[in-house]
Amino acid sequence: MLDVTEPVLPGFTPWPADLARHYRDRNLWTGETFGDVLAARAATAPDRIAVLDPAVRWTYAELHHRARSMATGLARLGIGRGERVLVQLPNRAEFVEVVFALFELGALPVFCLPAHRAAELVPIARAAGATAVITCGTHQRFDYAALAATVRAEVPSLRHVLLVLDHGQDSPEGAHDIAEFRDEPVDLAGPSAADVAFLQLSGGSTGIPKLIARTHDDYLYSVRRSAEICELDSDTVYLATLPIAHNFPMSSPGILGALWAGGAVAMTPDPTPATAFPLIERFGVTITGLVPPLARLWTERAEAGQPHDLSSLRVLQVGGARCQDELARRVGPALGVTLQQVFGMAEGLVCYTRLDDPIEVVVGTQGRPMSEFDRIAVVDDTGAPVAPGSQGNLITQGPYTIRGYYDNPEADARSFTADGWYRTGDIVSVRPDGNLIVAGRAGDWVNRGGEKVSAEELEAHLLEHPDVRDAVIVGTPDPVLGQRICAFVQPADSVRRPTLTTVRSFVRQRGVAAWKMPDAVVVVDEFPETGVGKTSRKELRQLLADGAHGN
Ligand code: AMP
Ligand code: DBH
């Protein structure tokens, strides 16, 4: 007989039954769904504020009603349990409404980023077998409705395009205004906690993003544990600064953690200090999360002096890419916050520095796993454990780390060991106190004539140069050495531009081995970014391949 508590989505790789039982017995997996959580909060604190954006302010009762109402409307349209729906929305209140409507229905949001274009969305929609797209009209001068129409023309399974429109915006031919699907709520069967709740995307530092299926059970555990570690409560106001569909602002502890704790979620339509700082003051934001390039920008702006009262902000999380120690030291004093480093991945494992950790841990490490049930190991390229404290490949498994990508056996063969450990692709070392130091991704090492140079290590040296604002090291192909070391640098000001000679002599003075000297320096004013705002090494490598030259 089919055990109805087990997930049934084809293409999903479940945990082994004995582990699943273990996680349930220990009450890590509680059997609750995200819909249950919202219903419970709406019942106990209906009048508390749940969602805020510059135009909207909804209580828990309102959010719950809106989600049920939209779920009912979408069911009328024929969207059913288990169907996949691309969601591509900017940071605005309706994102939460749409996602909880889909949770209510048991349909699976596929979390796309506003930066995605047809080259990403078409393969994502195909791989997900998506039946609908929910997006907006024009936002920041880009026509998302037209993009959705393009994607639909290419993907036969896509039946519906639904738009969250602003006042006065019209729905184009072939798309629906989602407001037409706010019906009087009826009770729907809904998903079970063991069901897949949504499809998240891997960062896709190379190629097309892979799809990551997460269940209500496993994800809610990670959200709960994150909310505990970040000490969220009903007074929390979490600002969604990064693109909200990304795993970090979604769940670490993110908007779902804030709602789990009965606090409020606030939205900023863009992450710049000019937009976000006034909103922090206006909404009384207590915690938010940034990627390192943004943390640098916020820190610089605060150090330079700025007029807004940021005193409500208690915790600033930095994650998504390595936060260099140099920046980590400045964040707290500049912004008057406790820094928290977050090292995570949409596949599961998330590490945090704790709020009461000594400053040396907060500044110098990327934290430790959130759960005592997380298992991590550091192995060499043959899979054998490295000596304690040495650098190696991080592999992991646990109660919220996937056992395989969604319907992707080729990726699974590369990214999972035979016994189900996820190969993170990250090179780390583990300190005796259990905190991890991320040395970079396996591919980020430059192999210069057989000598391996860590990009992160060399970047840390360059960041100490007074004329360097930010630095990224990438390898460029070289016929003799295999690879050469190219340093992309942003100048600290427009007058003193770093040169190859000044950079090399600076690095040499710091006592660095001669074979680690950059072979070229390219000065640029901005680094290309990924959809969530991480510096894109892939695009920098592409710039070199396209003929960018150093001096
Ligand atoms: P994604 O594929 O977008 O889920 O990105 C996950 C990856 O981002 C991790 O495997 C790491 O390579 C990187 N990452 C996330 N947080 C950090 C951090 N705090 N320090 C260094 N790398 C990080
Ligand atoms: O980069 C990430 O993917 C990430 C970073 C911090 C993440 O998924 C997370 C926290 O949950």
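Predicted model only: the values in this text are computed from it and were never measured.

**Q** For this particular structure, what's the right way to read the site of ligand 1?
**A** Inspection of the region around ligand 1 gives 17 residues, with Gly203, Gly320, Val342, Asp426 and Arg441 positioned closest. At 3.4 Å from a nitrogen atom of ligand 1 is found a main-chain nitrogen or oxygen belonging to Ala321. The contact in question runs from a nitrogen atom of ligand 1 to an N or O atom on the backbone of Val342, over 2.7 Å. Summarising the interface, the protein chains cover 90% of the accessible area of ligand 1, which totals 500 Å² for the free molecule. Within the residue set of the shell around ligand 1, elements represented by two or more residues are β16 (338-345) and β22 (436-441).

**Q** What am I meant to see in the site of ligand 2 here?
**A** Taken together, His246, Asn247, Phe248, Ser252, Gly320, Val342, Gly344, Met345, Ala346, Val350 and Lys534 make up all the residues around ligand 2. Here Lys534 contributes a side-chain N or O atom positioned 2.8 Å from an oxygen atom of ligand 2. In isolation ligand 2 exposes 280 Å². Once the protein is present, 95% of that is buried. For the shell around ligand 2, the elements supplying multiple residues, two or more each, are α8 (247-251) and β16. In terms of residues, the shell around ligand 2 owes the most to one element, β16, which gives three residues. The residue inventory of the shell around ligand 2, partitioned by class, reads five nonpolar, five polar and one charged.

**Q** What am I meant to see in helix α7 (residues 216-229) here?
**A** An α-helix turns once every 3.6 residues. As a result, residues three or four positions apart point the same way. For α7, spanning 14 residues, the distance from its first C-alpha to its last is 20 Å, which sits close to the expected 20 Å at 1.5 Å a residue. Counting buried residues along α7, 12 of its 14 residues qualify, which places the element largely inside the surrounding structure. The set of residues buried in α7 consists of His216, Asp217, Asp218, Tyr219, Leu220, Tyr221, Ser222, Val223, Arg224, Ser226, Ala227 and Ile229. The first or second residue beyond α7 is Glu231, which carries a positive phi of 55 degrees.

**Q** Please clarify how the side chain of Ser371 should be interpreted in this entry.
**A** Within the secondary structure, Ser371 sits in the loop between β18 (368-369) and β19 (375-379). By relative accessible area, Ser371 is classed as buried at 5%. Engagement of the side chain of Ser371 in a polar contact is seen with the side chain of Tyr221, the distance being 2.7 Å. The contact partners of Ser371, leaving out residues within four places of it in the chain, are Tyr221, Arg225, Pro399 and Tyr400.

**Q** Explain the packing of aromatic side chains to me, please; I cannot follow it from the model alone.
**A** For any two aromatic rings, the description comes down to two numbers: the centre-to-centre distance and the angle of the planes. Under the counting rule described, the total for this entry stands at 14 aromatic pairs. With centroids separated by 5.4 Å and ring planes inclined at 80 degrees, the aromatic side chains of Phe100 and Phe103 adopt a geometry described as edge-to-face. Of this pair, Phe100 and Phe103 are both found in helix α4 (residues 93-105), three residues apart, which corresponds to roughly one turn of the helix. Among the aromatic residues, those joined into a ring-pair cluster are Phe34, Phe95, Phe100, Phe103, Phe111, Phe198 and Tyr219. Looking at Arg41, its charged tip hangs above the ring of Trp260, at a distance of 5.8 Å from the centre. Over the aromatic face of Phe142 sits the side chain of Arg117, whose NZ or CZ is 3.6 Å from the ring centroid.

**Q** I would appreciate a short explanation of the UniProt feature "domain: AMP-binding enzyme C-terminal" (unreviewed entry) in the chain in the present structure.
**A** UniProt marks residues 457-534 with the feature "domain: AMP-binding enzyme C-terminal" (unreviewed entry), using the numbering shown here. Along residues 457-534 the backbone is 22% helical and 32% strand, and the end-to-end C-alpha distance reaches 18 Å.

**Q** How should I be thinking about the nonpolar core in this particular structure?
**A** In terms of nonpolar packing, the biggest core is built from 156 residues, with Phe95 and Ile255 touching the most fellow members. Per element, the largest residue contribution to this core is 10 residues, and it comes from α4. Both domains that furnish three or more residues to this core are identified here as domain 1 (25-47 + 57-215) and domain 2 (270-441). With residues near it in sequence (within four places) discarded, Ile255 still touches Phe95, Val96, Tyr238, Ala240, Ile244, Pro249, Met250 and Val265. Counting residues in hydrophobic clusters, the runner-up holds 17 residues, among them Ala455, Val489, Val512 and Met517.

Conventions and cut-offs
Residues numbered from 1 in each chain as written. Chains lettered and ligands numbered in written order. Predicted model: local features only at pLDDT ≥ 70, side-chain atom pairs only at ≥ 80, totals over all residues. Heavy atoms only, no water. Near = heavy atom within 4 Å. Polar contact = N/O pair within 3.5 Å; in protein donor to acceptor, adjacent residues only side chain to side chain. Areas by Shrake-Rupley, 256 points an atom, 1.4 Å probe, with all protein chains shown as cover. Helix = DSSP H or I, 4+ residues; strand = E, 2+ residues; numbered from the N terminus. Nonpolar A, V, L, I, M, F, W, Y, C, P; charged D, E, K, R; others polar. Expected span 1.5 Å × (residues − 1). Buried < 20%, exposed > 50% of the residue type's maximum accessible area, 1.4 Å probe, protein only. Contact = heavy atoms within 4.5 Å. Phe/Tyr/Trp six-rings, centres within 6.5 Å; stacked < 30°, edge-to-face > 60°. Lys NZ or Arg CZ within 6 Å of the ring centre and 35° of its normal. UniProt positions renumbered as here; feature names shortened; annotations may be inferred. Core = buried A, V, L, I, M, F, W, Y, C linked by side-chain atoms within 4.5 Å. Domains from an automatic or database assignment.

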